[in-house]
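Residues per chain, in single letters:
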Amino acid sequence: MNKDAILATAIGLILGLTIAGAFIFGPNLIKALPKITFPAISLPKNTPKPVPQLTSPPNVFGVTITAPLEDTIEPKKDVVVSGMTERGATVVIGGPTDDDVVSAGENGAYAGKVTASEGKNDIIVTAYGSEGKQAQSTVTIYYTEEEF
Amino acid sequence: MLLMSALTTVAFAATPSATNQKIEDLKDRLATKVAELRQTSRKAIYGTVKSTSITSFVVETKTKDIKIEQTDDIKVIQYLKDKRTALTSEDITKGDLVSVFGDYDTTLDLLKATIVVIQSPGPERISGTVTARDDKEYTLTIKNPQGVTYIVDIEKSTKTRMWNREKKAQDKSGFSKIVAGNVVHIVGFPVPKKELRISADRILDLGTL
């Protein structure tokens, strides 16, 4: 008997014994093993996405001045004042020597013109909205006739 | 063609080292200019003259005291009886209300003044609803949105205008046309020794809003 035949016989014997052992002792061994539980996975259902509730902005009446900017030195005596307020509001632009009255447009934008005096000028913008609402905003600018 | 030929000639004439040198010089000059611009900026301030000296004075503004350096070509202006009058820096005195124009050095917190306008206290501006009109005393009673009541004296010099909504223009108006319930804007000066009383310089009547 050569070596190869002996080796094959031994391997066959080992395999046979392993399979027989698995059949005999397997069921008891499986019972003895600790139970493995997998975490429950819940797949997302086809539910509608939550839609953010659109709430109307707070009913706050106000007026802003976008131009001119605070503490700027204006190059000309005629100063254009513009900003935003409520649509259709009556806006009074008060300058040091005169006043301008304008109505805000559909988008709430307004623009008017006042005459600056030499030195410091306080420009006061007062907006009158519906239902007696009123708001005020102020900007300070400087003007000189001198070359500067 | 001429420009292209000139550019080509310049490009070939300049050696790489000379070009690099020029670029470096330009960079230095640019950096210096940027630094200068960052350091000084044109600015105007308003406040009360706190103290004066030969070459400078200090102005107390709403937020802080600012040192004003007088330049050689400083111009001092004041409106005297509505007439623009040129003065000198010697006319600037403690307590004056001034607007100062100049170059502001942020690092030194110093304003190099080129123009100084000596101003008088500005008028007061009130707005509100007319609650009463006194035809004998020529006064209006105005209640502002905060609930404060003012008495407004109408002077011969008072200019009255009324907002014409249809024409979107201001029309000439008068004291007799102002009625209770109208919204008015008044610019005037406080009456001495009388609280909440204003002598009207101009009135803008908006009617009922």
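Residues numbered from 1 in each chain as written. Chains lettered and ligands numbered in written order. Predicted model: local features only at pLDDT ≥ 70, side-chain atom pairs only at ≥ 80, totals over all residues.

Colleague: So what's going on with the nonpolar core? Which residues, and what values?
Modeller: Core analysis: the biggest nonpolar cluster contains 57 residues, and Val91 and Val125 of chain A together with Val100 and Val116 of chain B have the highest contact counts within it. Per element, the largest residue contribution to this core is six residues, and it comes from strand E6 (residues 110-119) of chain B. A domain split of this core shows at least three residues from each of domain 1 (40-119) and domain 2 (124-207) of chain B. (Core = buried A, V, L, I, M, F, W, Y, C linked by C-beta atoms within 7 Å. Buried ≥ 20, exposed ≤ 12 C-beta atoms within 10 Å, placed from the backbone. Helix = DSSP H or I, 4+ residues; strand = E, 2+ residues; numbered from the N terminus. Domains from an automatic or database assignment.)

Colleague: Tell me about the sheet that holds strand E1 (residues 64-67) of chain A, residues and numbers included.
Modeller: Residue and element names in this part refer to chain A. With antiparallel pairing, three strands are arranged side by side in an open sheet as E1-E3-E6. The outermost strands of the open sheet, each flanked by one partner alone, are E1 and strand E6 (109-115). Mean inter-strand twist for the sheet, computed between neighbouring axes without regard to direction, equals 35°. Inspection of the sheet shows strand E3 (residues 78-84) paired to E6 by seven bridges, in the antiparallel sense. By the bridge assignment, Val81 is partnered in E6 with Gly112. (Pairing = 2+ DSSP bridges. Axes fitted to C-alpha atoms, helices over the stretch in contact; angles between N-to-C directions.)

Colleague: I'd love a proper account of the environment of Lys67 of chain B, names of residues and values included.
Modeller: Residue and element names in this part refer to chain B. As for its placement among the helices and strands, Lys67 is situated in strand E3 (residues 65-80). Residues Lys67 and Asp109 lie 42 residues apart in sequence; the distance between their C-alpha atoms is 7.3 Å. With near-sequence residues (within four places) excluded, Lys67 lies in contact with Ser56, Val58, Asp109 and Leu110. (Contact = placed C-beta atoms within 7 Å.)

Colleague: Tell me about the interface of chain A and chain B, and name the residues and values.
Modeller: Each side of the interface is counted separately: chain A has 19 residues, and chain B has 21 residues. Sorting the residues of the side of chain A that touches chain B by element identifies strand E4 (90-94), strand E5 (99-103), strand E7 (119-128) and strand E8 (134-143) of chain A as the ones contributing at least two each. Top element by residues in the side of chain A that touches chain B is E7 of chain A. It accounts for six residues.

Colleague: Hey, could you go over the pairing of strand E5 (residues 97-105) of chain B for me, with residue numbers and the actual values?
Modeller: On a regular strand, one side chain projects to one face of the sheet and the next to the other, so that they alternate. Residues and elements named next belong to chain B. Strand direction decides the pairing type here: strand E1 (residues 40-52) and E5, joined by nine bridges, are antiparallel. Residue Arg42 lies in a different strand from E5, and its bridge partner there is Asp103. Bridge count between E5 and E6: nine bridges; the pairing is antiparallel. What sits directly across from Gly102, in E6, is Ala113. Remark: four residues form the turn of the hairpin made by E5 and E6, two consecutive strands paired antiparallel; Asp109 in that turn has positive phi of roughly 55°.

Colleague: Before we move on, could you go through the sheet that holds E4 of chain A and cite the residues and values that matter?
Modeller: Hydrogen bonding along the main chain pairs the strands of a sheet, whether they run parallel or antiparallel. All names here are of chain A. Here we have five strands laid out as an open sheet, ordered E2-E8-E7-E4-E5, and mixed in their pairing. Strands at the two margins of the open sheet, each flanked by one partner only, are strand E2 (72-74) and E5. When strand polarity is set aside, the average angle formed by the axes of neighbouring strands in this sheet is 30°. In this structure, E4 lies alongside E7, joined through five bridges in antiparallel fashion. Its bridge partner lying in E7, Val91 is registered against Ala127.

Colleague: Which residues make up unusual backbone geometry, and what are the values?
Modeller: Here the residue pair Ala67 of chain A and Pro68 of chain A is connected by a cis peptide bond, since its omega of 0° sits within 30 degrees of zero. The topology assignment puts Pro68 of chain A in the loop between E1 and E2. With a phi close to 55°, Lys168 of chain B is a non-glycine residue in the positive phi region. Mapped onto the secondary structure, Lys168 of chain B falls in the loop between strand E10 (159-164) and strand E11 (169-172).

Colleague: Quick rundown of the domain arrangement of chain B? Include the residues and the values.
Modeller: Under the domain assignment, chain B is made up of domain 1 (40-119) and domain 2 (124-207). A C-alpha centroid distance of 35 Å is found between domain 1 of chain B and domain 2 of chain B.

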